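# Tertiary structure, described
Chain by chain, the residues:
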Amino acid sequence: MAVYALKRILLAVPTLLAVLTLIFIIVRVVPGDPATAALGDYASKEAVEALRQRMGLDKPLYIQYVDFLSGLLRGDLGRSLISSQPVIDQIRFALPHTIELALAAILIGLVLGIPVGIITAVRRNTMIDYFGRVLSLAGLSFPAFYLGILLLYFFSVRWRLFPTLGAGDFSDPLANLHHLALPAISLGLIETAYIGRMTRSVMINVLGDDYVRTARAKGLSNWVVLLRHGFRAALIPIVSLVGIFAISLIGSSVLTEIVFSRPGLGRLMVGAIRQRDYTTVQSIMVVYALFIVIINLITDLVYGLVDPRVRYD
């Protein structure tokens, strides 16, 4: 297992380097001068040139690339063009809120979606199955931000059960969970619908396989057949789906963060784009890329745990 993990980590390094190179190129081929965009159209040529020198944009492209990579290795993401503060400090503040929101949504999706999928598969073509399918279809049809607005209106504004704005303080876990509940539910219910439908579909196929019928013929209990033989085989596509959702939640939670006025990486990204903060946008893209590579790496490692066909040598 350790050798397999080491191989996957080594394979992730060139992937990450390729993505970072792509980010470096994309940021620089976008039309318009970052210095002019930051200072505005009425800035003097001297001010624009001074900012270009401060940003290192007057250097040859290959030197900019070397500076970009060496800065990343040192953990230096540069300074914001708007606030002049280190970008790493802004990301350090926003990132934990995005991670806790994504993890809570994934947890809700797994805890609710997997049982719903298994039960509707076992009770196929019954009222329970029809009810579960209708609920999951409703979940697929609801945009997360609209569900967030509904939750906010009923649970915060009308019934005053949850706070309306903010994310709470990590030093007070209860207050933090209180602020996290509604945003996590709005994202988690959408994910529940996807995981529930995926689990149902896979379980229906697996429960009809020969080895499952053989297990039943051996006299094993329904729970043993269901969980040990059926669900384990169904885990592989579920792991893939959760990996994809984890990546999308990190990047697409921005609307939920805006609806609930929570700090987060997506909200920071939108603000940087509006203010044309070139350095912050590039740094957030790097963090996104790093997370995508890490999540893909974790997904590959989990494959090795749930699928015996994955070889470790």
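Described below are features of the structure shown in this document. These numbers were taken from a predicted model, which means no experiment stands behind them.

Let us now look at helix 7 (residues 144-158). If you check helix 7, its first and last C-alpha atoms are 20 Å apart, about what 15 residues at 1.5 Å a residue would give, namely 21 Å. Residue Leu 152 marks the point of greatest curvature in helix 7, where the axis turns by about 30 degrees. Within helix 7 the residues assigned to the buried category are Leu 147, Gly 148, Leu 151, Leu 152 and Ser 156. Next to the buried residues of helix 7 lie helix 8 (173-207) and helix 11 (254-259).

On the surface, a nonpolar cluster with roughly 520 Å² of combined accessible area is contributed by Phe 142, Phe 145, Tyr 146, Ile 149, Leu 255 and Ile 258. When contributions to the nonpolar patch are tallied by element, the ones reaching two or more residues are helix 7 and helix 11. The greatest single-element share of the nonpolar patch, amounting to three residues, is contributed by helix 7. Within the element layout of this structure, Phe 142 appears in the loop between helix 6 (127-141) and helix 7. The exposure class assigned to Phe 142 is partly exposed, which follows from its relative accessible area of 32%.

With that settled, consider the packing of helix 5 (residues 87-122) against helix 8. Taken N-terminus to C-terminus, the directions of helix 5 and helix 8 make an angle of 35 degrees; their axes are 4 Å apart at the nearest point. Like other packed secondary-structure pairs, helix 5 and helix 8 cross with a definite hand, here right-handed. Within the contact of helix 5 with helix 8, the residues separate by chemical class into 21 nonpolar, nine polar and three charged.

The topology assignment puts Asp 277 in the loop between helix 12 (265-274) and helix 13 (278-306). Judged by its relative accessible area of 3%, Asp 277 is buried. For Asp 277, the residues in contact, after removing those within four places along its chain, are Ser 80, Leu 81, Ile 82 and Ala 272.

Below, the discussion takes up the pattern of salt bridges. Summed over the entire model, instances satisfying the criterion amount to seven salt bridges. Across the salt bridge formed by Asp 67 and Lys 59, the nearest N and O atoms sit 3.2 Å from each other. What makes Asp 67 partly exposed here is its relative accessible area of 35%. Relative accessible area serves as the criterion here: at 38%, Lys 59 is assigned to the partly exposed category. Two residues, Glu 100 and Arg 262, come together in a salt bridge whose shortest N-O distance is 3.1 Å. Here Glu 100, found in helix 5, pairs with Arg 262, found in the loop between helix 11 and helix 12; they are 162 residues apart in sequence, far enough to count as distant. Residue classification places Glu 100 among the buried positions, given a relative accessible area of 13%. Its relative accessible area of 0% is what places Arg 262 among the buried residues. Through salt bridges that share partners, Asp 129, Arg 133 and Arg 200 make up one connected network.

Procedures and definitions
- Residues numbered from 1 in each chain as written.
- Predicted model: local features only at pLDDT ≥ 70, side-chain atom pairs only at ≥ 80, totals over all residues.
- Heavy atoms only, no water.
- Helix = DSSP H or I, 4+ residues; strand = E, 2+ residues; numbered from the N terminus.
- Expected span 1.5 Å × (residues − 1).
- Bend = angle between axes of the 7 residues up to and from the residue.
- Buried < 20%, exposed > 50% of the residue type's maximum accessible area, 1.4 Å probe, protein only.
- Contact = heavy atoms within 4.5 Å.
- Patch = residues over 30% accessible without salt bridge, like charges linked within 9 Å, V, L, I, M, F, W, Y side chains within 5 Å.
- Areas by Shrake-Rupley, 256 points an atom, 1.4 Å probe, with all protein chains shown as cover.
- Salt bridge = Lys/Arg side-chain N within 4 Å of Asp/Glu carboxyl O.
- Axes fitted to C-alpha atoms, helices over the stretch in contact; angles between N-to-C directions.
- Left-handed = near helix turned anticlockwise from the far one by under 90°.
- Nonpolar A, V, L, I, M, F, W, Y, C, P; charged D, E, K, R; others polar.

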